[in-house]
Amino acid sequence: MFKKIALVAVLVAAVIGFFYFDLNTYLTLEGLKGSLDTFTQQIEENPLVSIGVFFAIYVAVTALSLPGAAILTLAAGALFGLVQGFIIVSFASSVGATVAFLVARFILRDTVRKRFGEKLKKIDEGVEKQGAFYLFTLRLVPVFPFFLINLLMGLTSIKTWTFYWVSQVGMLAGTVVYVNAGTQLAQIDSLSGIVSPGLILSFVLLGIFPWIAKAIVAFVERRRVYKGYKKPAKFDRNLIVIGAGAGGLVTSYIAAAVKAKVTLVEAGEMGGDCLNYGCVPSKALIKTAKVANQMRNAENYGLHGVEPTMSFKTVMQRVHNVIATIAPVDSVERYTGLGVDVVKGYAKIIDPWTVEIKQNDGGMQTLTTKSIVVATGASPFVPPLPGIEESGYVTSDTLWSRFAELEATPKRMIVLGGGPIGCELAQAFARLGSEVTQVERAPHLMGREDKEVAEFSEAVLRDSGVNVLTSHDALRFENKDGGKTLVVAKDGKESAIEYDEVIVAVGRKARLNGFGLEELGIQFDRTIETDEYLQTLMPNIFAAGDVVGPYQFTHVAAHHAWYAAVNALFGTFKKFKVDYRVIPWTTFIDPEVARVGLNENDAAEQGIEVEVTRYEFEELDRAIAESAIKGFIKVLTPPGKDKILGVTIVSEHAGDLLAEFVLAMKHDLGLNKLLGTIHAYPTWAEGAKNTAGTWKRANKPEKLLSYVEKFHTWRRG
């Protein structure tokens, strides 16, 4: 901090001295003309010293962002001629600009990062991809003040060397114009004579040139990518969508709605993982488990607690009934009625415009299409632990069919993994009577949440009867004497856990193989590489949902679908970048954990200074009435401001309560707006308003209120 203050003091003193000693008079057109003979004589007497002094002055003026750089450029032409003057100015201006860039970075970047960390992060991401290109464009157009460009670029993450060489190259055209004008200094009456509207227009056109060049490069790149493939003269379809999960269903729905001819290909069940193996069945099971827990704890509601009796087979049948009830919404019949050509089978992309479909009924179909959307989803990741194939494991996908025939809840169960899926299933089965042990290698469950939320979640699961083992590594599965065990280790010490069933829930991986992506050279590691428009290496092939990431949520897949459909069908005219600014998610343990935007961990990692406003549900009338007071709302805002940066809610109905905050963040509505909105009483939604009120009390204008108090005292006489 001392170094920054010292540097600021030196800079301020230099600027004050510049104006105090009227040095600015030399950097006017009249001052330059009046001193031209004197300067010329000094150059003739000491040419090398004069060049060095001029170079240093130019660097200093540019570095301090003082007015007069244009006059100095004219002076270079008048004093040193076109070639020598051009060389001097080209290097001096670039060096001075770089010094100003570094000064701005040293003095301002940390402060700006703390205050506007999230926005600066997004700018840095853009700069990392195309910073040199944008800087070059700005340097070509003198409409943008160069000193302002120097200072603003210093706040970004662009590399110093990149800034220097791009600045030097970008300013060449303007330098030539000004230095050449300086050689005719006697005939110049004002700077407007140099920078005429016509010349500025020429520079603007010059600035547009890189964009034209970029379009040409993109065209050439497309030609290179498609080299070796023959594009059909006409197409069978406007769009083929591979995968009928949330991403594929919504994509094909949108395409049909705008009257495009679209084919949707799905080999398995319509509705994808969410309907058949994920969101829907797990929430049905969680509801049954919650009712069972309420029965045991009925005294909380003035009733006598009872131990529920159940047929686990009946419980699982209810889960499948729920799936069957929702299934018609995603069915082949419904989508056919909407105008989508649904084909049940396996799709493989043969070339950028051709898809071969091996139909489930044994037939084969080959279709040409203008565009393709890959929405093949994800499947559970199974770690390569020794003995796992003989362990009898199930995943979040396979447990529903495997457990459907069980008469009783599994007695001893291991849940491997401490993420949202693992936590939801561990609590549900514990409440249904299983002895559940949850194994997680990280220090906490729910690793994406902040420490307080993670610890709260662990306590909730333990209260539900789950034996939570964090910081435990799963080493191997063993079968001995007819018994099955998982060997785990903590701090180097091994122990064995006996089990009847084990659920593997350590994450999900995108389905990427078998669709022809490798043969086309489309890049993927854990997910398909796409640009911000969801385009792959092949510009007419898009991807959406879990195969893209970065969030593997059903609602994000549906969000992707709009962009994939619109960009695929209308991208020739206008493309839209995917908006990831406000992404909510919920973990459906009881009480639920819902979140959007930053949490405290994120803010600390990104160096963003935040004010945390906390509201406890034990203060909410509706929560008290329902004996459900566990939980809280945490809202992160910039200090003293009501802009919502992030929200975490832990409570019953947290996922539903989060929606109001998601809407507020999406449309830049602050806590003052929430506070001024009428909420029905008594409802859970009042928690949002009460949180806003808590923030308001902490940020009330004390000084103004003291004057108001005096005013009221005066009114009382």
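A. Looking closely at the packing of helix α11 (residues 246-257) against helix α20 (residues 554-570). Where α11 meets α20, the closest approach of the two axes is 7 Å, and the angle between their N-to-C directions is 35°. Note on packing geometry: the crossing formed by α11 with α20 is right-handed. Residues A246, G247, V250, T251, I254 and A255 of α11 form the contact with α20, whose own contacting residues are T554, A557, A558, A561, W562, A564, A565 and L569. Taken together, the residues of the contact of α11 with α20 break down into eleven nonpolar, three polar and no charged.

B. Quick look at the pairing of strand β21 (residues 646-651). Within β21, six of the six residues are buried, which leaves the element mostly enclosed by the surrounding structure. Alternating positions in β21 separate into two faces, G646, T648 and V650 on one and V647, I649 and S651 on the other, with burial throughout. Here strand β18 (residues 592-597) runs beside β21; their pairing, made up of six bridges, is antiparallel. Note on β21: the bridge partner recorded for A594 is I649. Both strand β20 (residues 632-637) and β21 contribute to a ladder of five bridges, which runs antiparallel. Paired with F632 across the bridge in β21 is V650.

C. Here's a closer look at the sheet that holds strand β12 (residues 483-490). Spatial strand order, β11-β12-β13: three strands in an open sheet with antiparallel pairing. Two strands in the sheet have a free side with no partner beyond their single neighbour: β11 (473-480) and β13 (493-499). Strand-to-strand twist in this sheet, taken as the mean axis angle between neighbours without regard to direction, amounts to 25°. One ladder, built from seven bridges, connects β12 with β13; its direction is antiparallel. By the bridge assignment, K484 is partnered in β13 with Y499.

D. Broad picture of α11. An ideal rise of 1.5 Å per residue puts 16 Å on twelve residues; α11 measures up with 16 Å between its terminal C-alpha atoms. For α11, the set of buried residues is G247, G248, L249, T251, S252, I254, A255 and A256. At its buried positions, α11 is contacted by β1 (237-242), β2 (262-266), α15 (332-337), β5 (364-374) and α20. Residue K259 follows α11 closely and has a positive phi angle near 70°.

E. Spotlight on the pattern of salt bridges. Enumeration according to the criterion identifies 36 salt bridges in this entry. Across the pair E424 and K283 runs a salt bridge, and its minimum N-O distance is 3.2 Å. Remark: K283 occurs in helix α13 (residues 279-296) and E424 occurs in helix α17 (residues 420-431); sequence separation between them is 141 residues. Owing to a relative accessible area of 7%, E424 belongs among the buried residues under this scheme. E407 is the salt-bridge partner of K313, the closest N and O atoms lying 3.9 Å from each other. One end of the pair, K313, is in helix α14 (residues 312-326); the other, E407, is in the loop between α16 (399-402) and β8 (412-416), with 94 residues separating them in the sequence. Note on K313: relative accessible area 32%, which makes it partly exposed.

F. Representation of the environment of V315 in the model. Relative to the helices and strands, V315 resides in helix α14. Overall, V315 belongs to the buried group, its relative accessible area being 9%. Linking V315 and A289, residues 26 residues apart in sequence, is a C-alpha distance of 9.5 Å. Non-local contacts of V315, meaning those with residues more than four positions away in its chain, are made with L285, T288 and M310.

Analysis parameters
Residues numbered from 1 in each chain as written. Predicted model: local features only at pLDDT ≥ 70, side-chain atom pairs only at ≥ 80, totals over all residues. Heavy atoms only, no water. Axes fitted to C-alpha atoms, helices over the stretch in contact; angles between N-to-C directions. Helix = DSSP H or I, 4+ residues; strand = E, 2+ residues; numbered from the N terminus. Left-handed = near helix turned anticlockwise from the far one by under 90°. Contact = heavy atoms within 4.5 Å. Nonpolar A, V, L, I, M, F, W, Y, C, P; charged D, E, K, R; others polar. Buried < 20%, exposed > 50% of the residue type's maximum accessible area, 1.4 Å probe, protein only. Pairing = 2+ DSSP bridges. Expected span 1.5 Å × (residues − 1). Salt bridge = Lys/Arg side-chain N within 4 Å of Asp/Glu carboxyl O.

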